[in-house]
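What follows is each chain in one-letter form.
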Amino acid sequence: MKLGIISILAVASLFSCKNAQMGKQEIVKKEAVKSTMSDEQLMDKVQRDALKYFWDYAEPNSMLGRERYHEDDIYPDHDKHVITTGGSGFGLATILVGVERGFVPRKEAVKRLTHMMDFLAKADRHKGAWSHWINGETGKTVPFGKKDNGGDLVETAFLTSGILMVREYFKNGNDEEKALAKKCDELWKGIQWNWYTKGGEKVLYWHWSPEYQWEMNFPLEGYNECMITYILAASSPTYSIDAETYYKGWTRNGTFLSDKTKYGLPMYVKHNSAEEYGGPLFWAHYSYIGLDPTGLSDKLIKNYFDLNKNQVLIDYKYCLENPKQWKGYGPDYWGLTASYSRNNDGTTGYNAHFPQNDHGVISPTAALSSFPYSPKESMDFLKFIYIKKPEFVGSAGPYDATSIHYNNWFTPRYLAIDQGTIAPMIENYRTGFLWKLFMNAPEIQQGLKKLSFKSEKYGIK
């Protein structure tokens, strides 16, 4: 999915599946999870389920993450073969969780990951960056929109975060694992991050196309989900940006700071187009699959964990307040983020849900991927969705979009970009596994220091 609020609303119609009527009668009922399962067992369960998206239902040629997987096998755009760059990056992290927890054999994972890296090496690249969508059968760019037919730096960043974690995990292993790590390293070093400053402007741009050049004209300015793009660009050993680009571009010369509060919680930053309550909850997830916000600071923000935690808790408190009086909203059913959605006529569309754009649709990834910030509230949701609402859970975990208000409506469909954050963020809550991999990568340490970040946890001063 294209991820800024403005763009996400503009392209919502692109994902509308108006011809596909959803109904729970179309899906085989799943047996409820036993209420006697422990919290640890439930977390294992949802992590295993989310892994299936990227292990069992991967695009069969590239083995990367499909843009979407539909249990009803209805694909209005005939795009089963389309893979998504960012979602595949989250899929890499999910597979690492699977290996670490023994859900998939390490040797099989190495073989599959090697195949993925080989595919990415041969796929179309645009000054080193991949496109948002790629044809999984050919490796050719699939346009996300007419002029969005080149490099997508943000999606590339999400993918690269996963690639670096794979490298770090296997770099000291056997010969096959070291070879995999080398492939990852070469892919990482080939990305021309500084090209995306449009000739040296002090800001990164989201898109560049060989055909349309810079016509998309989308500068990456905070605050939204794009922070990891600047971290990686500053950390690149081959095509780096300087600290001035981060502070002038991403922080808008420091003007992205906010002194506003909601429900007594400081916002810290101005969320783009969502300053009152904050944006969709994926803004607290996508950049932080590897980047550990715990005690992380820069020149302007004292603790990124507090920033993310407050965004999540504001969303939670909004759902408890429930000003629009949606049925079902409460302490065990909450969480607004971009996902599939329910159109007014009951069909499936797409929307960026957040408090100021609330349509009575709860996206399970919102609460489940927020475990590091809201462990009790997220666990309450996890128990509810598996034990009390098994119809909302399919073969790859909770479905992408649900609504108790509309007679327990759901869509039996999944999106990689949503399903891919669940297992990694739960694992970061449980063990910090992926955070440790990413934060201890030598280039990341240097890049964070360049940008004046500090983290006592990782010795960055």
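No experiment lies behind these values; they were computed from the predicted model shown. (Residues numbered from 1 in each chain as written. Predicted model: local features only at pLDDT ≥ 70, side-chain atom pairs only at ≥ 80, totals over all residues. Heavy atoms only, no water.)

J.: Can you break down unusual backbone geometry residue by residue, with the values?
T.: Cis geometry marks the peptide bond from Gly222 to Tyr223, where omega comes out at 15°. The residue Tyr223 is located in the loop between β7 (207–208) and α7 (227–235) in this model. Phi at Lys127 takes a positive value of approximately 55°, unusual for a residue other than glycine. If you trace the backbone, Lys127 turns up in the loop between α4 (106–122) and β4 (133–135). Positive phi, normally seen in glycine, also occurs at Asn407, with a value near 55°. Position of Asn407 among the secondary structure elements: in the loop between β14 (401–403) and β15 (409–411). (Helix = DSSP H or I, 4+ residues; strand = E, 2+ residues; numbered from the N terminus.)

J.: Tell me what's going on with the side chain of Ser161, and back it up with residues and numbers.
T.: In this fold, Ser161 is placed in helix α5 (residues 153–170). Residue class for Ser161 comes out buried when judged on its relative accessible area of 6%. Excluding residues within four positions of it along the chain, Ser161 makes contact with Leu232, Gly290 and Phe438. (Buried < 20%, exposed > 50% of the residue type's maximum accessible area, 1.4 Å probe, protein only. Contact = heavy atoms within 4.5 Å.)

J.: Can you break down the sheet that holds β4 residue by residue, with the values?
T.: The 3 strands are arranged β3-β4-β5 in an open sheet whose pairing can be described as antiparallel. Taken across any chain shown, the strands that pair with only one partner, and hence form the sheet edges, are β3 (82–84) and β5 (141–142). Pairing geometry for β3 and β4, over 3 bridges, is antiparallel. By the bridge assignment for β4, Ile83 is matched with Ile134. (Pairing = 2+ DSSP bridges.)

J.: Break down the packing of α4 against helix α6 (residues 175–189) for me, with residues and values.
T.: Helix packing geometry: the angle between the two helix axes and the distance between the axes. It is at 10 Å that the axes of α4 and α6 come closest, and there the two elements cross at 30°. Put simply, α4 runs roughly parallel to α6. Handedness of the crossing formed by α4 with α6: left-handed. Of the residues in α6, those in contact with Arg106, Val110, Leu113, Thr114, Met117, Asp118, Leu120 and Ala121 of α4 are Glu176, Glu177, Leu180, Lys183, Cys184 and Leu187. Here the contact of α4 with α6 is composed, by residue class, of 8 nonpolar, 1 polar and 5 charged. (Axes fitted to C-alpha atoms, helices over the stretch in contact; angles between N-to-C directions. Parallel < 35°, antiparallel > 145°, perpendicular 65-115°, else oblique. Left-handed = near helix turned anticlockwise from the far one by under 90°. Nonpolar A, V, L, I, M, F, W, Y, C, P; charged D, E, K, R; others polar.)

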